[in-house]
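The primary structure of each chain is shown beneath.
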Amino acid sequence: MTRPGNVLLAACTVLGIAAGSFALSSCGGGGGGGGGARTSGPFAVIMPPGRQYSGVPLTGVKLVLQNSGTRWARLRVSTEPDGSLWSGIQFFVEPYYAGTPCCSQTFHFSDDVLFRVNCARGYKGEAVARVKVNDLGGNRAEETFTFTCG
């Protein structure tokens, strides 16, 4: 099994890699068709190569604020229950023009992912970070976090 930190990115360009962290460029705008709010994304699809199914089905995802400023928020993504492993994570911002996730970090001894959302220049008001996670068993979970761009 490959530990987090060895990741393959689809949909974005890697700008730098150092000690299990990576920075990404802003990726495609415009959400899909259909009704509902337009999203930014996905910003990135993160998939660690060589990941094997842990046998513990993913039932949920927790999104927790780690710290923030007036124009950014850093969030931690954790799978639920303990022992469930993600095989892919997608980040979105709603509305799509409010901002973009910019940087992510994985940890060698945890399956958590830390990522940051930056507010778009000139945008003030509420925005929503949306995270969609799946595992190799076909299970999926989604969570949102609302933050304010000052």
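Here is a short report on the structure shown in this document. (Residues numbered from 1 in each chain as written. Predicted model: local features only at pLDDT ≥ 70, side-chain atom pairs only at ≥ 80, totals over all residues. Heavy atoms only, no water.)

### With respect to the overall build of the protein
Okay, so step 1: Along the protein, the regular secondary structure elements total zero helices and eleven strands.
Okay, so step 2: Listed by position from the N terminus, the elements making up the protein come as β-β-β-β-β-β-β-β-β-β-β.
Okay, so step 3: Residue burial in the protein is summarised as follows: out of 150 residues, 43% are buried.
Okay, so step 4: Here the protein displays about 7,300 Å² of accessible surface, and carbon together with sulfur accounts for 51% of that area. (Helix = DSSP H or I, 4+ residues; strand = E, 2+ residues; numbered from the N terminus. Buried < 20%, exposed > 50% of the residue type's maximum accessible area, 1.4 Å probe, protein only. Areas by Shrake-Rupley, 256 points an atom, 1.4 Å probe, with all protein chains shown as cover.)

### A look at the environment of Ala73
Okay, so step 1: Tracing the backbone shows Ala73 in strand β6 (residues 72–80).
Okay, so step 2: In the structure, Ala73 is positioned 74 residues away from Phe147 in sequence and 7.3 Å away in space, judged by C-alpha atoms.
Okay, so step 3: Those residues within four positions of Ala73 in sequence are excluded, and the remaining contacts are Leu65, Asn67, Ser68, Phe115, Arg116, Val117 and Phe147. (Contact = heavy atoms within 4.5 Å.)

### Section: the state of the cysteines
Okay, so step 1: In total, this model carries one disulfide according to the counting rule given.
Okay, so step 2: A disulfide bridge connects Cys119 with Cys149, and the sulfur atoms are separated by 2.0 Å. Every disulfide takes its handedness from the sign of the S-S torsion; for Cys119 and Cys149 that torsion is -85°, giving left-handed. Taken together, the positions of Cys119 in strand β9 (residues 110–119) and Cys149 in strand β11 (residues 140–149) put the pair 30 residues apart, joining distant regions of the chain.
Okay, so step 3: Here Cys149 falls in the buried class, since its relative accessible area comes to 2%. (Disulfide = S-S within 2.5 Å.)

### With respect to the pattern of salt bridges
Okay, so step 1: Inspection of every chain in the model, using the stated rule, returns three salt bridges.
Okay, so step 2: Between Asp112 and Arg76 there is a salt bridge; the shortest N-O distance is 2.8 Å. With Asp112 in strand β9 and Arg76 in strand β6, this residue pair connects regions lying 36 residues apart in the sequence.
Okay, so step 3: Relative accessible area serves as the criterion here: at 14%, Asp112 is assigned to the buried category.
Okay, so step 4: Across the pair Arg130 and Glu142 runs a salt bridge whose closest N-O atoms are separated by 2.3 Å. (Salt bridge = Lys/Arg side-chain N within 4 Å of Asp/Glu carboxyl O.)

### A short note on the pairing of strand β8 (residues 99–107)
Okay, so step 1: Bridge analysis of β8 against β9 gives eight bridges, and the strand direction is antiparallel. Each residue of the ladder has a partner; that of Cys103, found in β9, is Arg116.
Okay, so step 2: A loop of two residues connects β8 with β9, the two strands running antiparallel in sequence. (Pairing = 2+ DSSP bridges.)

### Overview of the environment of Cys119
Okay, so step 1: Judged by relative accessible area, which is 11%, Cys119 ranks as buried.
Okay, so step 2: Each C-alpha atom, one on Cys119 and one on Cys149, is 5.9 Å from the other, the two residues being 30 residues apart in sequence.
Okay, so step 3: The contacts of Cys119, once residues within four sequence positions are left out, are Arg71, Trp72, Ala98, Gly99, Phe147 and Cys149.

### Some words on unusual backbone geometry
Okay, so step 1: Cis geometry is adopted by the peptide bond preceding Pro81, which originates at Glu80 and carries an omega value of 0°.
Okay, so step 2: Along the chain, Pro81 turns up in the loop between β6 and β7 (88–94).

### Focus on the nonpolar core
Okay, so step 1: In this structure, Val77, Phe115, Val131, Val133 and Phe147 are the most contacted members of the largest nonpolar core, which totals 24 residues.
Okay, so step 2: Breaking this core down by element, the ones donating at least two residues are β5 (60–68), β6, β7, β9, β10 (125–134) and β11.
Okay, so step 3: For Val131, the contacting residues outside a window of four places in its chain are Leu63, Val77, Ile89, Gln90, Phe91, Phe115, Ala141, Glu142 and Glu143. (Core = buried A, V, L, I, M, F, W, Y, C linked by side-chain atoms within 4.5 Å.)

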